[in-house]
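Structural description and commentary
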Amino acid sequence: MLSTRKTFVILALAALVATCALLPAAAGAATGRTVAVTASATVKVPNDTAKLGFGVKREKKTRGAVLQATAKGLRKVIAAVKVFPGVGEGDVRTGRINVRPVQKGKITVYRATEGISVTLHEPSKAGELISKGLAAGATGVSGPSFGVGNEEEAFAKVLGAAFVKAKQHATVLATQAGATLGAAITIEEGEGAEFIGPRNFESAGAEEEAGFIEEKAPTPPTKPGTSTVKATVHVIFELT
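Residues numbered from 1 in each chain as written. Predicted model: local features only at pLDDT ≥ 70, side-chain atom pairs only at ≥ 80, totals over all residues. Heavy atoms only, no water.

A few words on the pairing of strand β4 (residues 107-120). A large share of β4 lies buried, amounting to 12 of its 14 residues. Summarising the sheet, strand β2 (residues 49-60) and β4 pair through 11 bridges and their orientation is antiparallel. Within β4, the position partnered with A50 by the bridge is L120. Here strand β3 (residues 92-104) pairs with β4 via 11 bridges, running antiparallel. (Buried < 20%, exposed > 50% of the residue type's maximum accessible area, 1.4 Å probe, protein only. Helix = DSSP H or I, 4+ residues; strand = E, 2+ residues; numbered from the N terminus. Pairing = 2+ DSSP bridges.)

Right, here's the structure in full:
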């Protein structure tokens, strides 16, 4: 019985020594040859969203009357905008209401302004939407401002393109070094997404998002164009 226990201990110690002997070799493999590359990709992404602002301005003798008239006018604009193709649920948002006294000669009247911001998912129709808003009673319009609706999705595509480019560069360097490119050991995103070109704007107050004008204009031509998206990656590849 004692002999069997001694044999077990000897075998266990032998296995431990064998395991320790393998550790330096594994550590050596982890510190083998590598190639580090940095690559950037730039892609033009079609603008699929337009942002516009519509405002209504009214002047009345009392605060109550001017607020009522402004709200009534804005409701007509909202109704016209909501049924326009490319404007969905949640794409219309109201801004601030501004009421202030205005001196006209010896008479004081009250001027109220209120506006909405609109997201249009058919940006090529932005000119038509402007005409519809003005016809519905809007006294001011701002925009359109074109941009990419889903910026995260657009950046993901460009980030993937940057990695492919990094791998191509690393393959060339590995070949020149007489080695074969292995797996990516570390991948680090660069400085983040860079959108070069028009960007979406956030809704502001009514008086800020629409420049109030009194004249109605014909339907303006609109071309959404593209936004340029840039991404950078830093990658370390193993060489075999």
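We are not done yet, so read on.
Looking at where P123 falls in the secondary structure, it is placed in the loop between β4 and α3 (126-135). According to the relative accessible area criterion, P123 is buried, its value standing at 8%.

We now examine helix α2 (residues 63-82). For α2, which comprises 20 residues, the first-to-last C-alpha distance of 28 Å matches the rise-based estimate of 28 Å (1.5 Å per residue) to within 8%. Taken together, the buried positions of α2 are occupied by V66, A69, T70, G73, L74, V77, I78 and V81. Summarising the contacts, the buried residues of α2 are in contact with β2, β3, β4 and α3. (Expected span 1.5 Å × (residues − 1). Contact = heavy atoms within 4.5 Å.)

Before going further, it helps to examine α3. Structural remark: α-helix, 3.6 residues per turn; residues separated by three or four positions point the same way. Burial analysis of α3 places seven of its 10 residues in the buried class, the great majority of the element. Listing the buried residues of α3 in full gives A126, G127, L129, I130, S131, G133 and L134. Structurally, α3 contributes buried residues whose contacts are with β2, α2, β4 and β5 (140-147). Of the residues flanking the end of α3, it is G137, one or two places downstream, whose phi is positive at about 120°.

Another aspect to go through is the environment of T62. For T62, the location among the structural elements is in the loop between β2 and α2. Taking the C-alpha atoms as reference points, T62 and T108, separated by 46 residues in sequence, lie 9.2 Å from one another.

Turning our attention to the pattern of salt bridges. Side-chain pairing between opposite charges can occur once the charged atoms of the two side chains come close. Scanning the entire structure with this criterion turns up four salt bridges. Ionic pairing is found between E59 and R111, a salt bridge with its closest N-O pair at 2.6 Å. Of this pair, E59 sits in strand β2 while R111 sits in strand β4, and the two are 52 residues apart along the sequence. Among the salt bridges present, the one from E153 reaches K157, with a minimum N-O distance of 3.9 Å. With a gap of four residues between them, E153 and K157 both fall in helix α4 (residues 151-176), about one helical turn apart. (Salt bridge = Lys/Arg side-chain N within 4 Å of Asp/Glu carboxyl O.)

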